[in-house]
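Here is how the chains run, residue by residue.
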Amino acid sequence: MAETINEVKFSDEAMAEIQRYISHYPEGRQKSAILPILHIAQAEFGGWVSPEVMDKVAEILNIQPIEVYEVATFYTMFNLKPVGKHVLEVCRTGPCCLRGADQVIEMIKQKLNIEEGETTADGMFTLKPVECLASCGTGPMLQVRELFYENIDSEEKLNEFLKMMRNKEHETPTWKK
Ligand code: FES
């Protein structure tokens, strides 16, 4: 049976995965599963977590909504407003900057006609500079969902990357396979 609250409804597959994570923890400690469950929620509901979705996560975990808001607003990997199909999380920390990350961000802004935090008019891309993604030796780099795209150190490579992404579908989450 799918779980519902107001309009928020997780798929049966997602609920099974959520319950699997909760089962890893002792009774009363289900809050420990909050990070993977927020990731599942974000993947389920268009790449972002609305207040209604966070309220649903709180209900599932039997905790207060504020406890979910605290976590979702602390970690930059959770999007709190609607985003494009592909969220370009460009690392802008020192090592990547030394290799041209700032120029990559500027080129993305110009090519897509958006500023940081904005989404293209066609809903394809959102630009989201972030801090170190632990791939410092292969900068400039960016992340889209769980995948890294590295050594984007020329306009030609950026053009190839954007062209490739326009035709790319996201991987199906493992719990849906
Ligand atoms: S500085 Fe960019 S991945 Fe670490």
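Because the structure is predicted, anything quoted here is derived from the model rather than measured.

Enquirer: For this particular structure, what's the right way to read the domain arrangement of the chain?
Expert: Note on interface size: it is often stated as the accessible area lost on association of the parts. Each assigned domain of the chain is listed with its residue range as follows: domain 1 (9-74) and domain 2 (86-166). Averaged C-alpha coordinates put domain 1 and domain 2 at centres separated by 28 Å.

Enquirer: I'm lost on the UniProt feature "binding site: [2Fe-2S] cluster" (unreviewed entry) in the chain in this one. Help?
Expert: Annotation from UniProt places "binding site: [2Fe-2S] cluster" (unreviewed entry) at C91, C96, C132 and C136. These residues run over 46 residues, yet every pair of their C-alpha atoms falls within 9.0 Å of each other. Mapped onto the elements, C91 comes out in the loop between strand 3 (86-90) and helix 5 (94-98). Residue C136 is classed as partly exposed on the basis of its C-beta count, with 15 C-beta atoms lying within 10 Å. If sequence neighbours within four positions are ignored, C136 has contacts with P95 and C96.

Enquirer: Help me out: how do you make sense of the sheet that holds strand 3 in this one?
Expert: Two strands in a sheet stick together by hydrogen bonds in their backbones, pointing the same way (parallel) or opposite ways (antiparallel). Read across the sheet, four strands follow the order 4-3-5-6 without closing on themselves; strand pairing throughout is mixed. Single-partner strands in this sheet number two, and they are strand 4 (125-127) and strand 6 (147-149). On average, adjacent strands in this sheet sit at an angle of 30 degrees to one another, irrespective of strand direction. As defined by bridge partners, strand 3 adjoins strand 4 across three bridges and the pair is classed as parallel. Considered in strand 4, the bridge of H86 is made with F125. Seen against the sheet, helix 6 (residues 101-112) touches strand 3 and strand 4 and runs at an angle of roughly 150 degrees to strand 3.

Enquirer: Could you clarify how one ought to interpret the nonpolar core in this entry?
Expert: In globular proteins that are soluble, nonpolar side chains generally tend to be buried together. Counting residues in hydrophobic clusters, the biggest one holds 16 residues, and the most contacted among them are I18, I37, L38, A41, V49, M54 and V57. When residues of this core are traced back to their parent elements, those giving at least two are helix 1 (12-22), helix 2 (34-44), helix 3 (51-61) and helix 4 (65-74). In terms of residue count, helix 2 provides more of this core than any other element does, five residues in total. Setting aside residues up to four positions removed in sequence, L38 forms contacts with V49, V57, V71, A72 and F78.

Enquirer: Before we go on, may I ask you to explain helix 3 in this structure?
Expert: Residues that lie three or four places apart on an α-helix share one face, since the helix turns once every 3.6 residues. If you check which residues of helix 3 are buried, you get V53, M54, K56, V57 and I60. Seen from one end, helix 3 has its buried residues packed into an arc of 155 degrees, which puts them on one side. Following helix 3 by one or two positions, N62 adopts a phi angle in the positive range, close to 60 degrees.

Enquirer: What should I look at first to understand unusual backbone geometry in this one?
Expert: Most peptide bonds take the trans configuration, and most residues that are not glycine carry a negative phi. A cis amide bond, omega -5 degrees, links G139 with the succeeding residue P140. By secondary structure assignment, the location of P140 is in the loop between strand 4 and strand 5 (142-144).

Cut-offs and rules
- Residues numbered from 1 in each chain as written.
- Predicted model: local features only at pLDDT ≥ 70, side-chain atom pairs only at ≥ 80, totals over all residues.
- Domains from an automatic or database assignment.
- UniProt positions renumbered as here; feature names shortened; annotations may be inferred.
- Helix = DSSP H or I, 4+ residues; strand = E, 2+ residues; numbered from the N terminus.
- Buried ≥ 20, exposed ≤ 12 C-beta atoms within 10 Å, placed from the backbone.
- Contact = placed C-beta atoms within 7 Å.
- Pairing = 2+ DSSP bridges.
- Axes fitted to C-alpha atoms, helices over the stretch in contact; angles between N-to-C directions.
- Core = buried A, V, L, I, M, F, W, Y, C linked by C-beta atoms within 7 Å.
- Arc of directions from axis to C-beta.

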